Amino acid sequence: MSSTIWSVDEHLDDILASVRPLEPIELQLPDAQGCVLVKDVVVEVALPPFDNSSMDGYAVRVADVEGASEEFPAVLTVIGDVAAGSAGLADDQVVGPGQAARIMTGAPLPAGAEAVVPVEWTDGGTGEGPADGMRAHADAPEGATGEVRVHRPVTAGAHVRKRGSDVQPGEPALAAGSVVGPPQIGLLAAIGCSTVVVRPRPRVVVLSTGSELVQPGEALTGGQIYDSNSFALTAAARDAGAIAYRVGAVADDAETLRATIEDQLIRADIVVTTGGVSVGAYDVVKEALSSVGDADEPGSGVEFRKLAMQPGKPQGFGSIGPDHTPLLALPGNPVSAYVSFELFVRPAIRALMGLADVHRPTVRAELGSDKALTSPAGRRQFLRGRYDAEAGTVTPVGGSGSHLVAALAQADALIVVPEDVTSVEPGTETDVVLLR
């Protein structure tokens, strides 16, 4: 481990300077979810592609229903049906004076028609009072003929979705750098795109180390604890946008750990370990990885550092394997591991995705505690807190201990105490990193 004390910013800058966005690939729409677009997507077909009805009702000419009321309805001859998915009326049919066509939502507006009267504004062709819907065509095909009484006037274009009113051909649909989420996939499908060129979601392998670790669901014996870090960090990697693989806890044996990591490199764009990076006699990650940067793999190697931060002082970073896969070695205490992930691993994942902004949002908020917070001189402290956006305050949750998992589960923010501050009084404004 280097004797140099690194700042949080220096360590993060070193990581981000070493991480390059993944190479673009072309994916089918369902597989592109969560990925980042590499180039702009331009609309090739208008959306909607034709004038269509936004209501179930009757396509009419405006002049024919002018002044219509329930007392003096406009009586129109129904010349046919226009259903969604159909080409419309026959080529020789036009909605002429005194005529109407029964039309369904999404159906193309027939020639001659200028607007759509909702069926609720008519008698539905029954000759009775206002209708509350249309009878199914299969049950009453005669509904497409006969007469309809219209009880209210409409203006030109009423209840009509005009061609290109959403997007026009040649307009940008999505810009490069956009994350492909459900609405974006919907838009891409709507304009006819079946594939997109994106940077793939990074594959993150997460593994815990420690002979004391037992998988949840198994019985604990003397000196054992449940492995929570690998579960929390795998979930955090997925939350960051990655495809994450959790590896069962590895015992404190350097050769076993080295072999396990090497086996995982085939499916890893980044490797995250937790535990074994401090100064103990059994800190296996340091033992296993300090020697990987040998002559066979020029440029590779993992450096172990001390950072001026709390929690999370011991950290490791470097690359491993023939493809120089980035590896971040985090501390083993649960809070230290999670805070370190948020500060260093999440930005690295977002950088691999090709995102311009890789950081969690940071806001200023007033400290809402009952007493002053203390912090060690020379270290940037990250305390768990709950942020109240409406009040503009943040309240500490739990103590500063790096083992307090329960407090971490209640927090939605990190309270940042700078290196040159040793006490923060209630009401003081401070930086807050939002975690949700």
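Every value quoted in this text rests on a predicted model; they were computed, and no experiment measured them.

Here the focus is the overall build of the chain. Of the regular secondary structure elements, the chain holds seven helices and 29 strands. Evaluated residue by residue, the chain yields a buried proportion of 46% over its 436 residues. Restricting the contact set of the chain to residue pairs at least 6 apart, pairs at least 24 apart contribute 72%. Of the roughly 20,200 Å² of accessible surface on the chain, 50% is carried by carbon and sulfur atoms. Measuring between centres, the 31 positive side-chain charges of the chain sit 5 Å from its 57 negative side-chain charges.

It is worth spelling out the packing of aromatic side chains at this point. Between two aromatic rings, the relevant description is the distance of the centres plus the angle of the planes. Tallied over the full model, the rule gives zero aromatic pairs. Stacked on the ring of Trp121, the Lys or Arg Arg152 has its end atom at 3.8 Å from the ring centre. Positioned above the aromatic ring of Phe231, the side-chain terminus of Arg246 is 3.9 Å from the ring centre.

By a frequent convention, interface size equals the accessible area lost on bringing the separate parts together. You can read the domains of the chain as domain 1 (5–22 + 201–352), domain 2 (25–46 + 171–199), domain 3 (52–161) and domain 4 (362–434). Computed over C-alpha atoms, the centres of domain 3 and domain 4 are 63 Å apart.

Turning to the sheet that holds strand S21 (residues 314–320), a few remarks are in order. Pairing within the open sheet is mixed, and its seven strands lie in the order S1-S19-S21-S22-S18-S14-S17. Looking at strand neighbours, the two that pair on one side only are strand S1 (5–6) and strand S17 (243–250), the edges of this open sheet. Relative to S21, strand S19 (residues 301–307) runs antiparallel, the two being bridged by six bridges. Its bridge partner lying in S21, Lys306 is registered against Pro314. Of the strands in this sheet, strand S14 (203–209), S17, strand S18 (270–274) and strand S22 (325–330) are in contact with helix H3 (residues 229–239), which crosses S17 at around 170 degrees.

Summarising the sheet, strand S6 (residues 57–60) and strand S8 (residues 99–103) pair through four bridges and their orientation is antiparallel. Bridge pairing links Ala59 to Ala101 in S8.

As a further point, take the pattern of salt bridges. Per the counting criterion, the structure on display carries 16 salt bridges. Notably, a salt bridge pairs Arg102 with Asp81, separated by 2.8 Å at the nearest N-O pair. Remark: Asp81 occurs in strand S7 (residues 74–82) and Arg102 occurs in strand S8; sequence separation between them is 21 residues. The exposure class assigned to Arg102 is buried, which follows from its relative accessible area of 3%. The partly exposed category is assigned to Asp81, whose relative accessible area is 21%. Among the salt bridges present, the one from Arg246 reaches Asp227, with a minimum N-O distance of 3.8 Å. Taken together, the positions of Arg246 in strand S17 and Asp227 in the loop between strand S16 (225–226) and H3 put the pair 19 residues apart, joining distant regions of the chain.

With that out of the way, let us pick up the nonpolar core. Residues Val204, Met309, Leu328, Phe341, Phe344, Ile349 and Phe382 are the most contacted members of the largest nonpolar core, which totals 43 residues. No other element matches the 13 residues that helix H6 (residues 334–353) contributes to this core. Discounting residues that sit within four places of it in the chain, Phe382 has contacts with Val8, Met309, Gln310, Pro311, Val339, Leu343, Leu414, Ile415 and Val416. Membership of the second largest hydrophobic core comes to 20 residues, among which are Val205, Val277, Phe304 and Leu327.

What follows is about the sheet that holds strand S2 (residues 25–28). Read from one edge of the open sheet, three strands run S2-S13-S3, paired in antiparallel fashion. The sheet terminates laterally at S2 and strand S3 (36–37), the two strands that pair on one side only.

This brings us to H3. Along an α-helix, residues three or four positions apart point the same way, because every turn accommodates 3.6 residues. Within the sequence span of H3, burial applies to Asn229, Ser230, Leu233, Thr234, Ala236 and Ala237. Down the axis of H3, the buried side of the element spans an arc of 160 degrees, and every buried residue falls inside it. Among the residues trailing H3, Gly241 stands out with phi positive, at a value near 115 degrees.

Turning to the pairing of S18, a few remarks are in order. When you tally the buried positions in S18, you get five out of five residues, the bulk of the element. Side chains Ile270, Val272 and Thr274 of S18 all project onto a buried face; the interleaved residues Val271 and Thr273 project onto the opposite face, where all are buried too. By the bridge criterion, five bridges tie S14 to S18 in an arrangement that is parallel. Its bridge partner lying in S18, Val204 is registered against Ile270. In this structure, S18 lies alongside S22, joined through four bridges in parallel fashion. Residue pairing across strands places Thr273 opposite Ala329, the latter belonging to S22.

As a further point, take the side chain of Ser230. With respect to the helices and strands, the residue Ser230 is situated in helix H3. A polar side-chain atom of Ser230 sits 2.6 Å from a polar atom in the side chain of Asp227. Among all residues touching Ser230, those that are not within four sequence positions of it are Val206, Ser208, Arg246 and Val247.

About the criteria used
- Residues numbered from 1 in each chain as written.
- Predicted model: local features only at pLDDT ≥ 70, side-chain atom pairs only at ≥ 80, totals over all residues.
- Heavy atoms only, no water.
- Helix = DSSP H or I, 4+ residues; strand = E, 2+ residues; numbered from the N terminus.
- Buried < 20%, exposed > 50% of the residue type's maximum accessible area, 1.4 Å probe, protein only.
- Contact = heavy atoms within 4.5 Å.
- Areas by Shrake-Rupley, 256 points an atom, 1.4 Å probe, with all protein chains shown as cover.
- Lys, Arg positive; Asp, Glu negative; His and termini not counted.
- Charge placed at Lys NZ, Arg CZ, Asp CG, Glu CD.
- Phe/Tyr/Trp six-rings, centres within 6.5 Å; stacked < 30°, edge-to-face > 60°.
- Lys NZ or Arg CZ within 6 Å of the ring centre and 35° of its normal.
- Domains from an automatic or database assignment.
- Pairing = 2+ DSSP bridges.
- Axes fitted to C-alpha atoms, helices over the stretch in contact; angles between N-to-C directions.
- Salt bridge = Lys/Arg side-chain N within 4 Å of Asp/Glu carboxyl O.
- Core = buried A, V, L, I, M, F, W, Y, C linked by side-chain atoms within 4.5 Å.
- Arc of directions from axis to C-beta.
- Polar contact = N/O pair within 3.5 Å; in protein donor to acceptor, adjacent residues only side chain to side chain.

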